[in-house]
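# Structure assessment
What follows is each chain in one-letter form.
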Amino acid sequence: MDGSAVVGIVGGAGWLGSAIATRGLSAGVLSSKSLLIISSRSPRGNRFANWPEIVWTADNEELSRRADIVVLSVRPHQFRDISLNLEGRLVISVMAGISLETLKRRLNADRIVRAMPNAAAEIGRSYSPWVATGNVTASDRLFVSSLMAACGEEDEVGMEAHLDYLTGLSGSGPAFPALLASSMLSHAETAGIPSHVAEKAVRGVVCGASRLIDSDEFMPNSTVESFLNYRGTTAAALHEMIRAGFSDAVHAGLRAAALSVADMTASADKPAG
Ligand SMILES: NC(=O)c1ccc[n+]([C@@H]2O[C@H](COP(=O)([O-])OP(=O)(O)OC[C@H]3O[C@@H](n4cnc5c(N)ncnc54)[C@H](O)[C@@H]3O)[C@@H](O)[C@H]2O)c1
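The structure displayed is predicted, hence computed values, not measured ones.

Per the secondary structure count, the chain includes 10 helices and eight strands. Looking at the 273 residues of the chain, the share that counts as buried comes to 40%. Pairs at least 24 apart in sequence give 57% of the contacts found in the chain among residues at least 6 apart. Surface exposure of the chain reaches about 15,300 Å², of which carbon and sulfur atoms provide 57%. Of the charged side chains in the chain, 24 are positive and 28 negative; the average position of the first set lies 5 Å away from that of the second.

And the structure:
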């Protein structure tokens, strides 16, 4: 993949598509100078104000004619309305639950990558696993890895089943600490803590813990063990959370996400009609 490849992003004004586009542009992995074409059905907003040269189109046929690399970032159900011949192009799909096999059949493409960033892509803190079909070249891989690295950390995973599992874990993941934060916030408020203090306290816990988790020493099991052994207030809370089924709730949620991915994969695989 040389530096003059034209990249087209279908759905590039959406939540994830615009994050990938703007991170890629900021990192210099994407170039706005006639090398980026975006299609969308929603307003582009002012996120692209720094890159007035981007070519915008409402016509995906035009995008597919002009682009050497096509990123697909529409919602999985919206993919049903897309009919493109992407033979000879590198296709990068970030859609949840649309298999390599379905992409290959529907797009007549054979160089296909599925990547699964998450909502933290917009601040460059996503974890983005990806999986590629056999004929994806070394330079295609380099491009995908650079584009995903512009959004945070990335890894090529060998198996599509792992990508599907990770869709529910890391792809969906930013919502889970947010749920924990929301639950702590509502509890603090019922205890009468003023909301501006409660918000600051909860934000401090979640963001402070994130920094700890990011540090080299972090080992979740040994951290929990240390607090349990301390036998203080934290241990009292942890014992009760564990007894009330904290792990069971998290595991049930992750199973539900995996089932939802499997349902989406099966329904996308069915012929339309
Ligand atoms: N948002 C996330 O955190 C996240 C994480 C991982 C994967 N994904 C995947 O990314 C994909 C996009 O999700 P999103 O959250 O950005 O959704 P979104 O609704 O914000 O964006 C989708 C965009 O596609 C546009 N669109 C729809 N049909 C189109 C068409 N035919 N041609 C051109 N544009 C069209 C819409 O106008 C919209 O701007 C989904 O398939 C989702 O599974 C999202």
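What follows is about the environment of Arg105. Along the chain, Arg105 falls in helix H3 (residues 100-107). Look at Arg105 and you get partly exposed, because its relative accessible area is 45%. Sequence separation between Arg105 and Glu122 is 17 residues, and the spatial gap between their C-alpha atoms is 31 Å. Discounting chain neighbours no more than four positions away, the residues touching Arg105 are Ala268 and Asp269. A polar contact is formed between the side chain of Arg105 and the side chain of Asp269, at a distance of 3.0 Å.

Right, let's talk about the site of the ligand for a bit. For the ligand, the set of nearby residues contains 24 residues, the closest of which are Trp15, Leu16, Ser42, Val74 and Arg75. At a separation of 2.9 Å, an oxygen atom of the ligand approaches a polar backbone atom of Trp15. Taking 830 Å² as the accessible area of the ligand by itself, protein coverage stands at 88%. When its residues are assigned to classes, the shell around the ligand shows 13 nonpolar, nine polar and two charged.

The end-to-end C-alpha distance of helix H1 (residues 15-27) is 18 Å, a good match for the 18 Å that 13 residues give at a rise of 1.5 Å each. The complete set of buried residues in H1 reads Leu16, Gly17, Ser18, Ala19, Ile20, Ala21, Thr22, Gly24 and Leu25. For H1, the elements touching its buried residues are strand E1 (7-10), strand E2 (36-39) and helix H4 (138-149). Once H1 finishes, Gly28 follows within two positions and takes phi at roughly 80°, a positive value.

Enumeration over the complete set of coordinates arrives at eight salt bridges. Taking the shortest distance from any N to any O, the salt bridge between Arg125 and Asp214 comes out at 2.6 Å. A residue pair is termed long-range when its members are at least 10 positions apart, and Arg125 in the loop between strand E6 (111-115) and strand E7 (126-132) and Asp214 in helix H7 (residues 195-214) qualify at 89 residues. We classify Arg125 as exposed; its relative accessible area is 54%. The class of Asp214 is partly exposed, set by a relative accessible area of 49%. With a closest N to O distance of 2.6 Å, Arg243 and Glu240 form a salt bridge. Of this pair, Arg243 and Glu240 both sit in helix H9 (residues 233-243), three residues apart, roughly one helical turn. Counted as one network, the salt bridges with shared partners bring together Arg114, Glu160 and Asp164.

What the eight strands build is an open sheet, ordered E3-E2-E1-E4-E5-E6-E7-E8; its pairing is mixed. Two strands bound the open sheet, and with one partner strand each, they are strand E3 (55-57) and strand E8 (152-156). Each strand of the sheet is rotated relative to its neighbour by a mean of 20°, with strand direction disregarded. Relative to E6, strand E5 (residues 90-93) runs parallel, the two being bridged by four bridges. Each bridged residue has a counterpart across the sheet, and for Ser93 the counterpart in E6 is Arg114. Where helix H5 (residues 160-171) meets the sheet, its contacts fall on E6 and E7, and the angle it forms with E7 comes to roughly 160°.

Attention now moves to the UniProt feature "binding site: NADPH" (unreviewed entry) in the chain. Here, the residues flagged by UniProt with the feature "binding site: NADPH" (unreviewed entry) are Asn60. By the element assignment, Asn60 lies in helix H2 (residues 60-66). Among the residues examined, Asn60 registers a relative accessible area of 19% and is labelled buried. The residues touching Asn60, leaving out its near neighbours within four places in the chain, are Val10, Ser39, Ile82 and Leu84.

For Gln78, the location among the structural elements is in the loop between strand E4 (69-72) and E5. Along the primary structure Gln78 and Ile37 are separated by 41 residues, whereas in three dimensions their C-alpha atoms are 19 Å apart.

Quick notes on the rules
The residue count restarts for each chain, going from 1 along the sequence in the order it is written. Only residues with pLDDT of at least 70 get local features here, since the model is predicted, and only at 80 or more are side-chain atom pairs given and counted; chain-wide, interface and lining totals rely on the full set of residues. Side-chain numbers here rest on the full set of heavy atoms in the structure, without hydrogens or water. Only runs of H or I of at least four residues qualify as helices and only runs of E of at least two qualify as strands under DSSP, and these elements are numbered from the N terminus. Relative accessible area decides the class of each residue, using a 1.4 Å probe on protein chains only: under 20% of the type maximum gives buried, over 50% gives exposed, and in between gives partly exposed. We call two residues in contact whenever any of their non-hydrogen atoms come within 4.5 Å of each other. The accessible surface values rely on the Shrake-Rupley method and a 1.4 Å probe; as for residues, cover is taken only from the protein chains in view. We count Lys and Arg on the positive side and Asp and Glu on the negative side, and we leave His and both chain ends out. In plain terms, the charge of a residue is placed at NZ if it is Lys, CZ if Arg, CG if Asp and CD if Glu. The definition of a polar contact used here is a pair of N or O atoms within 3.5 Å, where within protein one atom must be able to donate a hydrogen and the other to accept one, and adjacent residues in sequence count solely through side-chain atom pairs. For this description, a residue counts as near a given molecule or strand if any of its non-hydrogen atoms is within 4 Å of it. Each residue is assigned to one of three groups, with Ala, Val, Leu, Ile, Met, Phe, Trp, Tyr, Cys and Pro labelled nonpolar, Asp, Glu, Lys and Arg labelled charged, and all others, Gly among them, labelled polar. To estimate the expected span of a helix, subtract one from its residue number and multiply by 1.5 Å. Salt bridges are counted wherever a side-chain nitrogen of Lys or Arg sits within 4 Å of a carboxyl oxygen of Asp or Glu. For two strands to count as paired, DSSP must find a minimum of two bridges between them. In this description, a line fitted to the C-alpha atoms serves as the axis of each element, helices being fitted only across the stretch in contact, and the angle between N-to-C directions of two axes falls anywhere from 0 to 180 degrees. UniProt positions are given in the numbering used here, feature names are shortened, and annotations may be inferred rather than shown by experiment.

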